[in-house]
Amino acid sequence: MIQISPSVLACDFSRLGEETALMAAGGADMIHLDVMDGHFVPNISFGMPVIAALRKKSDAFFDVHLMISRPLTYGADFVKAGADRVTFHLEAEDETAAVLDELDRLGVEAGISLKPGTPAEAVFPYLERLKMVLVMTVEPGFGGQSFMADMLPKIRAIREEANRRGLALDIQVDGGIDEKTAPLVAEAGANVLVAGSALFSKPDYKAAVSALRQKAQEAVQA
Ligand code: DX5
Ligand code: ZN
């Protein structure tokens, strides 16, 4: 089953609570929260206080994507703010195994994200410890960029390795996902689709979520 994770980076931030509620009511499986520190990526978005405020208004599953240099330092703060899953970058400064130990200790689902230049094999040593791998399909930092089709073999390689080991791993994709690219990533083995501009630009969120899911689902069933 394909899951849809709308990225609020593309929403009207002055109405963050309402936008989140509308997406959740529209059938989104979770809400994707992009945290950027202006150091790991050349952009700054929002941090713990915003997530904590949103947590008070929403019982949706919070899929937190940390584009920050020091996930070990801030992991506990994001869990306290209300993250249900914390995805951090393999390319961050902290030692990957230490961040996973910390997320285990905090009792939160863990995901590792790969920038476009990082090969699939880099995440293989950690697969057994992960709920999810996030394959970035754009360079992290900004919404509204074009999908990188050359990431499809990476998705495929991770899915094949997870299958070989008998792991029910979630593979998430993030960046340039829309009704055209959703079938491509789903066919390659992704089952959790992040979409910002493609969903929040539509007038009817419920129709947009279900159309995106449908497109991806058809590609898996084909
Ligand atoms: C980019 C973020 C994405 C972004 C996706 O660094 O991680 O989640 O919001 O935006 P779209 O779907 O517009 O490419
Ligand atoms: Zn993201």
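In what follows, the structure referred to is the one given above.
Structural notes, computed from the coordinates. Everything quoted here is computed from the prediction, not taken from an experiment.

Some remarks on the overall build of the chain
Point 1. Looking only at helices and strands, one finds 8 helices and 8 strands in the chain.
Point 2. Taken over the C-alpha trace, the chain has a radius of gyration of 16 Å; the compact-globule value for 222 residues is 17 Å, and the two agree within 12%.
Point 3. Principal-axis analysis of the C-alpha atoms places the extent of the chain at approximately 45 × 40 × 30 Å.
Point 4. Here the chain displays about 9500 Å² of accessible surface, and carbon together with sulfur accounts for 53% of that area.
Point 5. Positive and negative charge centroids in the chain, built from 21 and 31 side chains respectively, lie 3 Å apart.

Notes on the packing of helix 2 (residues 48–57) against helix 3 (residues 71–81)
Point 1. Between helix 2 and helix 3, the least distance of the axes is 8 Å, while the angle of their chain directions is 20 degrees. One element, helix 2, and the other, helix 3, form an angle in the roughly parallel class. Contact residues: helix 2 offers Met48, Ile51, Ala52 and Arg55, while helix 3 offers Tyr74, Asp77, Phe78 and Ala81.
Point 2. Of the residues in the contact of helix 2 with helix 3, the class split is 6 nonpolar, no polar and 2 charged.

Some points on the packing of aromatic side chains
Point 1. As enumerated under the stated definition, the model contains 2 aromatic pairs in all.
Point 2. Aromatic pair Phe13 and Phe46: ring centres 5.9 Å apart, planes at 85 degrees, arrangement edge-to-face. Here the residue Phe13 occupies a position in the loop between strand 1 (3–6) and helix 1 (16–25), and Phe46 occupies one in the loop between strand 2 (31–36) and helix 2, the gap between them amounting to 33 residues.
Point 3. Residue Phe13 is classed as partly exposed on the basis of its relative accessible area, which comes to 42%.
Point 4. Phe46 gets classed as buried once you look at its relative accessible area, which sits at 11%.

Regarding the site of ligand 1
Point 1. Within the structure, ligand 1 sits among 20 residues, and Asp34, Gly141, Asp174, Gly196 and Ser197 are positioned closest to it.
Point 2. Here an oxygen atom of ligand 1 and a backbone polar atom of Gly196 are 2.7 Å apart.
Point 3. Between ligand 1 and the protein, one listed contact pairs an oxygen atom with a side-chain N or O atom of Ser197 at 2.4 Å.
Point 4. Look at ligand 1: alone it shows 380 Å² of surface, and the protein chains cover 99% of it.
Point 5. At the level of secondary structure, the elements contributing two or more residues to the shell around ligand 1 comprise strand 2, strand 3 (62–67) and strand 8 (192–195).
Point 6. Class assignment of the residues belonging to the shell around ligand 1 gives a composition of 8 nonpolar, 10 polar and 2 charged.

Remarks on the pattern of salt bridges
Point 1. This model, assessed by the stated rule, comprises 16 salt bridges.
Point 2. The closest approach of N and O atoms between Glu18 and Arg15, which form a salt bridge, is 3.9 Å.
Point 3. Glu18 gets classed as partly exposed once you look at its relative accessible area, which sits at 43%.
Point 4. Overall, Arg15 belongs to the partly exposed group, its relative accessible area being 31%.
Point 5. In this structure, Arg105 engages Glu102 in a salt bridge whose closest nitrogen and oxygen atoms are separated by 2.9 Å. In this pair, Arg105 and Glu102 are both assigned in helix 4 (residues 96–106), 3 residues apart and thus about one turn of the helix distant.

Side note on the coordination of the zinc ion (ligand 2)
Point 1. The protein atoms that coordinate the zinc ion (ligand 2) are His32 (NE2), Asp34 (OD), His65 (ND1) and Asp174 (OD), at distances of 2.0 to 2.3 Å.
Point 2. Taken together, the 6 donor atoms coordinating the zinc ion (ligand 2) and their angles of 69 to 169 degrees define a geometry best described as octahedral.
Point 3. Donor residues for the zinc ion (ligand 2) sit on one chain with the sequence pattern H-x1-D-x30-H-x108-D. Of this pair, His65 sits in strand 3 while Asp174 sits in strand 7 (residues 170–174); the two residues are 109 residues apart in sequence, bridging distant segments of the chain.
Point 4. His65 sits in the buried class, given a relative accessible area of 0%.
Point 5. A relative accessible area of 9% places Asp174 in the buried class.

Quick look at the pairing of strand 2
Point 1. Judged by how many residues are buried, strand 2 sits mostly within the fold: 6 of 6 residues are covered.
Point 2. Residues Ile31, Leu33 and Val35 point to one face of strand 2 and His32, Asp34 and Met36 to the other, with burial holding for every one of them.
Point 3. Across 6 bridges, strand 2 lies against strand 3 in parallel orientation. By the bridge assignment, His32 is partnered in strand 3 with Asp63.
Point 4. Handedness of the crossover is the feature at issue here: the chain leaves strand 2, passes through helix 2, returns alongside strand 3, and the resulting connection is right-handed.

Rules used throughout
- Residues numbered from 1 in each chain as written.
- Chains lettered and ligands numbered in written order.
- Predicted model: local features only at pLDDT ≥ 70, side-chain atom pairs only at ≥ 80, totals over all residues.
- Heavy atoms only, no water.
- Helix = DSSP H or I, 4+ residues; strand = E, 2+ residues; numbered from the N terminus.
- Rg over C-alpha atoms; globule rule 2.2 N^0.38 Å.
- Areas by Shrake-Rupley, 256 points an atom, 1.4 Å probe, with all protein chains shown as cover.
- Lys, Arg positive; Asp, Glu negative; His and termini not counted.
- Charge placed at Lys NZ, Arg CZ, Asp CG, Glu CD.
- Axes fitted to C-alpha atoms, helices over the stretch in contact; angles between N-to-C directions.
- Parallel < 35°, antiparallel > 145°, perpendicular 65-115°, else oblique.
- Contact = heavy atoms within 4.5 Å.
- Nonpolar A, V, L, I, M, F, W, Y, C, P; charged D, E, K, R; others polar.
- Phe/Tyr/Trp six-rings, centres within 6.5 Å; stacked < 30°, edge-to-face > 60°.
- Buried < 20%, exposed > 50% of the residue type's maximum accessible area, 1.4 Å probe, protein only.
- Near = heavy atom within 4 Å.
- Polar contact = N/O pair within 3.5 Å; in protein donor to acceptor, adjacent residues only side chain to side chain.
- Salt bridge = Lys/Arg side-chain N within 4 Å of Asp/Glu carboxyl O.
- Donors = N, O, S within 2.8 Å, 3.2 Å for Na, K, Ca; no water.
- Tetrahedral: all angles 85-135°; square planar, octahedral: opposite > 155°, others 65-115°.
- Pairing = 2+ DSSP bridges.
- Right-handed = clockwise from strand over helix to strand, strands pointing away.

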